[in-house]
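# Residue-level structural notes
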Amino acid sequence: SHHFLEKFAAEGVAVQTVISKESGAVADVHVTGGDKIEIGDGKFLTVRSTPGHTPGCVSYELDDKSAVFVGDAILIGGCGRTDFQGGDPEVLYDSVWSQILSLPDETSIWPGHDYSGRTMTTVKEEKALNPRLKQSKEGFVKLMRNKFDGSNYPGKIDASLPANMVCGVYDAATSMPKIHPGGFLWVPDKFKPSSVKVSSLAEKVEGATVCDTSSGEGGEREGMLDIPFLENDHEGFLAEFKGKVPNLETKLVLVCRRGNRAASACALLEQAGYKNLTNGLNANTINEAERGA
C-alpha cells in the first residue's frame, strides 16, 4: 500500500486511505466490522473484523462473495505472526475460521503479501492444505507460541510499523514516516536499555551533546541539556528539542533514570530526522564509560 500511495501521488491521482478504527492508525476513513465500502458499478466491499495478527486487522469481502482480501490474517499456507503489536493466536484462530474460512469454498483469498510470488488461494485450499490452520485450536495456539515467541522480529519492522500507523504517509523533509498524532511510538531494539553496552558508550559520548529526558533524574553532569520527554506530549518535546538542537546531524546521547524515557525519545527523534542517537541510560553510566575509556 505504501508503494501505491507514492505511485498515485506522483501521478496526481487523488486517493483516500481506509483502515480499521481499532488499529489506532491515522487514515482518511476508519471502518469497523459490517461497514460497506462502495467501489463503483454497484459493487461494494463488506468489512469483516479479523483480529489476531493485530487487534485492528480487518478483511474486505467482495459483495458477491467471490473474493476476500485478508491482509496478514491468512497467508498462502500460513498466517500472520502473533507475537507483537497486540497479536493473539487464540483470537486469530477464531477470526479466521468464523470470518474467512466460513465463506464458500470457491471464494478466492487474496493475502497482503507472499514471499514466493503467489497472489491468491481459495477457502477450499486453505482449509485442506494450510498446515497451521487445519489443526485444532489448541494445536494452532501451541504452534504459534512456540514459533513466534517475541524474538527474531522481521528485518524491516522498525521502519514498517511506524509507516503502517500513518498508512504509509512519509514526511518529504526527513524521508521518515509522518509522526503519529495520537502518540503511537515504536521503539527499535537498538534504543532499548537492554541493548545498551557500557563498554561501547565512551566512543559514542565523545563530542556528543548529552540530554536528560526525565527532568533532571538522569544524574549530575555539567553542560547537560534538560528536555523532559512526556508520553502524552510528543509535539511539545520535539518543539523544545528542535529549538535547542536544530542540527539534525548533531551527535546526541540521551539519558534518564533507567533508560526507558531515553529510548522513547531516541525513537521519536529518529523519526523526526535526527541521524546520530544513542541511549546512554543515565548520566552516571556515561560518566563511568568515560572513566573506563
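Presented here is an overview of the structure given in this document. None of the values given here were measured: they were computed from a predicted structure. (Residues numbered from 1 in each chain as written. Predicted model: local features only at pLDDT ≥ 70, side-chain atom pairs only at ≥ 80, totals over all residues. Heavy atoms only, no water.)

### As for the overall build of the chain
- Helices and strands together make up the secondary structure of the chain, namely 9 helices and 14 strands.
- Dimensions along the principal axes, computed over C-alpha positions, put the chain at roughly 70 × 45 × 30 Å.
- Classification of the 293 residues of the chain by burial places 44% in the buried group.
- Across the chain, the fraction of contacts at a sequence separation of at least 24, relative to all contacts at a separation of at least 6, is 61%.
- Accessible surface, the chain as shown: approximately 15500 Å² in total, 50% of it carbon and sulfur.
- Placing the 31 positive and 40 negative side-chain charges of the chain at their respective mean positions leaves the two points 4 Å apart. (Helix = DSSP H or I, 4+ residues; strand = E, 2+ residues; numbered from the N terminus. Buried < 20%, exposed > 50% of the residue type's maximum accessible area, 1.4 Å probe, protein only. Contact = heavy atoms within 4.5 Å. Areas by Shrake-Rupley, 256 points an atom, 1.4 Å probe, with all protein chains shown as cover. Lys, Arg positive; Asp, Glu negative; His and termini not counted. Charge placed at Lys NZ, Arg CZ, Asp CG, Glu CD.)

### A word on the state of the cysteines
- A full pass over the atoms with the stated rule returns 0 disulfides.
- Cys57 supplies the cysteine sulfur nearest to Cys79, a cysteine that is in no disulfide, at a spacing of 11 Å.
- Cysteine Cys266 is unpaired, with the sulfur of Cys256 as its nearest cysteine sulfur at 9.3 Å. (Disulfide = S-S within 2.5 Å.)

### Some points on the packing of helix α7 (residues 234–244) against helix α8 (residues 260–271)
- Packing of α7 against α8 leaves a shortest axis separation of 11 Å and a crossing angle of 75 degrees. In this view, α7 runs roughly perpendicular relative to α8, as classed from their interaxial angle. Two secondary-structure elements touch here, α7 through His234, Phe237, Leu238 and Phe241 and α8 through Ala265, Leu268 and Leu269.
- In terms of residue class, the contact of α7 with α8 is made up of 6 nonpolar, 1 polar and no charged. (Axes fitted to C-alpha atoms, helices over the stretch in contact; angles between N-to-C directions. Parallel < 35°, antiparallel > 145°, perpendicular 65-115°, else oblique. Nonpolar A, V, L, I, M, F, W, Y, C, P; charged D, E, K, R; others polar.)

### A short note on the side chain of Thr122
- Looking at where Thr122 falls in the secondary structure, it is placed in strand β8 (residues 121–122).
- In contact with Thr122, other than residues within four places in its own chain, are Asp105, Thr107, Ser108 and Ile109.

### Focus: unusual backbone geometry
- Unlike most non-glycine residues, Asp41 shows phi in positive territory, near 55 degrees.
- Within the secondary structure, Asp41 is located in the loop between β3 (36–40) and β4 (43–49).
- The exposure class assigned to Asp41 is exposed, which follows from its relative accessible area of 83%.
- In the Ramachandran plot, Leu281 falls in the positive-phi region, its phi being about 65 degrees despite a non-glycine side chain.
- Note on placement: Leu281 falls in the loop between β14 (276–279) and α9 (283–292).
- The buried category is assigned to Leu281, whose relative accessible area is 15%.

### A few points about the sheet that holds β8
- Pairing is mixed in the open sheet, where 6 strands are placed in the order β3-β4-β5-β6-β7-β8. Across the chains shown, the open sheet's two edge strands, defined by having one partner strand only, are β3 and β8.
- Sheet strands touched by helix α2 (residues 89–100): β4, β5 (58–62), β6 (67–71) and β7 (108–111). Its angle to β4, the strand with the most contacts, is close to 150 degrees. (Pairing = 2+ DSSP bridges.)

### Brief notes about a nonpolar patch on the surface
- There is a patch of nonpolar side chains on the surface, built from Phe69, Trp110 and Met120 and spanning about 250 Å² of accessible area.
- Tracing the sequence through the fold places Phe69 in strand β6. (Patch = residues over 30% accessible without salt bridge, like charges linked within 9 Å, V, L, I, M, F, W, Y side chains within 5 Å. Salt bridge = Lys/Arg side-chain N within 4 Å of Asp/Glu carboxyl O.)

### Structural notes on the packing of aromatic side chains
- Under the defined criterion, the tally for this structure stands at 7 aromatic pairs.
- The interplanar angle of 80 degrees and the centroid separation of 5.2 Å between the aromatic rings of Phe229 and Phe237 together place this pair among those described as edge-to-face.
- Given a relative accessible area of 0%, Phe229 falls into the buried group.
- The buried category is assigned to Phe237, whose relative accessible area is 2%. (Phe/Tyr/Trp six-rings, centres within 6.5 Å; stacked < 30°, edge-to-face > 60°.)

### Details of the pattern of salt bridges
- Overall, the coordinates contain 12 salt bridges when judged by the stated rule.
- Taking the shortest distance from any N to any O, the salt bridge between Lys65 and Glu61 comes out at 2.8 Å.
- The salt bridge partner of Asp83 is Arg81, with a shortest N-O separation of 2.8 Å.
- A cluster of three or more residues bridged by salt bridges with shared partners is formed by Lys43, Asp63 and Asp64.

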